[in-house]
Amino acid sequence: LWDALSDFHVSQSDQAAAHLMAELVARAGAWNATWAGAIRFDDGARNDPLQGWRVGAVQALHAIEPHPDEGHFKEILRVWDRREIDPSFLLPMRGVGTFRTYSFRRELPPEWFEGAFYRQHYGSVGTHDAVFVAFPLNNDCESHFGFYSRRAFADEEIAPLAAALRGIKWFHRRLLLSRGLLMASAPLTPTERRVLQLLLTK
């Protein structure tokens, strides 16, 4: 799998990420996956439970109807940005700056799965459990892969996902660089991103 990723040209980050997610979804018995690039803004909000973190980019393996792209997941991120704190938002805050995994069924209480947030954003599309693998690139930038299943993930399914994603720091860096998240104070616009990809092909 790592060899296949290295065969993608540097300008093909989206295609490479989709290939990686498709392979890991098949191996884990999941039905969907996402990649998200997270960046920390120093906004001086000392009472911010999310410690200044924002998601600067997201890519989904499969779009969820009626959204033609990553709209379903971006709606979750809009709630994140409004700081309407759901308990699931606090999971990635545990161990920030370290390689880690976190998941819904292992770490959230049973009553969360009866709540409106889970029902609207996950249960309504058939997601029973989700597991995430976080890879820190520096103090202010992390790469997160999420996997969504119609049943609970077993520990023996989570471990191979972590192993596959831990050994490719170069690839996490490429994903973030391709979206301007390692070199800009704010995510690149779509036009700036196209220009960056053209520059990477030279």
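Rules used in this analysis
Residues numbered from 1 in each chain as written. Predicted model: local features only at pLDDT ≥ 70, side-chain atom pairs only at ≥ 80, totals over all residues. Heavy atoms only, no water. Helix = DSSP H or I, 4+ residues; strand = E, 2+ residues; numbered from the N terminus. Buried < 20%, exposed > 50% of the residue type's maximum accessible area, 1.4 Å probe, protein only. Contact = heavy atoms within 4.5 Å. Areas by Shrake-Rupley, 256 points an atom, 1.4 Å probe, with all protein chains shown as cover. Pairing = 2+ DSSP bridges. Axes fitted to C-alpha atoms, helices over the stretch in contact; angles between N-to-C directions. Salt bridge = Lys/Arg side-chain N within 4 Å of Asp/Glu carboxyl O. Core = buried A, V, L, I, M, F, W, Y, C linked by side-chain atoms within 4.5 Å.

Some words on the overall build of the protein chain
Stage number 1. Helix and strand content of the protein chain: 8 helices and 5 strands.
Stage number 2. In sequence order, the protein chain lays out its α and β elements as α-α-β-β-α-β-α-α-β-β-α-α-α.
Stage number 3. For the protein chain, the residues scored as buried account for 46% of the 202 residues in total.
Stage number 4. For the protein chain, the proportion of contacts with a sequence separation of at least 24, taken over those separated by at least 6, is 62%.
Stage number 5. Taken as a whole, the protein chain presents about 9,900 Å² of accessible surface, with 53% of it coming from carbon and sulfur.

Notes on the sheet that holds strand S5 (residues 141-149)
Stage number 1. Read from one edge to the other, the open sheet built from 5 strands follows the order S2-S1-S5-S4-S3, with strand pairing classed as antiparallel. The sheet terminates laterally at strand S2 (53-60) and strand S3 (100-103), the two strands that pair on one side only. Across the sheet, the mean angle from the axis of one strand to that of its neighbour is 25°, orientation sign disregarded.
Stage number 2. Strand direction decides the pairing type here: S3 and strand S4 (residues 129-138), joined by 4 bridges, are antiparallel. Residue Ser103 lies in a different strand from S4, and its bridge partner there is Val131.
Stage number 3. Packing of helix H7 (residues 169-178) onto the sheet brings it into contact with strand S1 (32-40), S4 and S5, and relative to S5 it is tilted by some 100°.

Structural notes on the pattern of salt bridges
Stage number 1. By the definition in use, this model includes 11 salt bridges.
Stage number 2. Here Arg78 ties to Glu75 by a salt bridge, and the two come within 3.0 Å at their closest N and O atoms. On the criterion of helical spacing, the pair formed by Arg78 and Glu75 is a turn pair, its members being 3 residues apart in helix H3 (residues 71-81).
Stage number 3. Overall, the relative accessible area of 41% leaves Arg78 in the partly exposed class.
Stage number 4. Salt-bridge contacts for Arg100 lead to Glu142; the nearest nitrogen and oxygen are separated by 2.8 Å. Here Glu142 lies in strand S5 and Arg100 lies in strand S3, a separation of 42 residues in the sequence.

Points about the nonpolar core
Stage number 1. Membership of the largest hydrophobic core comes to 33 residues, with the highest contact counts inside it found for Leu20, Phe145, Phe147, Leu165 and Phe171.
Stage number 2. Those elements giving two or more residues to this core turn out to be helix H2 (13-28), S1, S4, S5, helix H6 (155-166) and H7.
Stage number 3. With 7 residues, H2 is the largest single contributor of residues to this core.
Stage number 4. Here Leu165 is in contact with Leu20, Leu24, Phe99, Val133, Phe135, Phe145, Phe147 and His172, once residues within four sequence places are set aside.

Here's the deal with the environment of Ser13
Stage number 1. Secondary-structure assignment places Ser13 in helix H2.
Stage number 2. Among the residues examined, Ser13 registers a relative accessible area of 0% and is labelled buried.
Stage number 3. When the C-alpha positions of Ser13 and Leu175 are compared, they lie 6.0 Å apart, and in sequence the two are 162 residues distant.
Stage number 4. Residues in contact with Ser13, not counting those within four places in the same chain, are Arg174, Leu175, Ser178 and Arg179.

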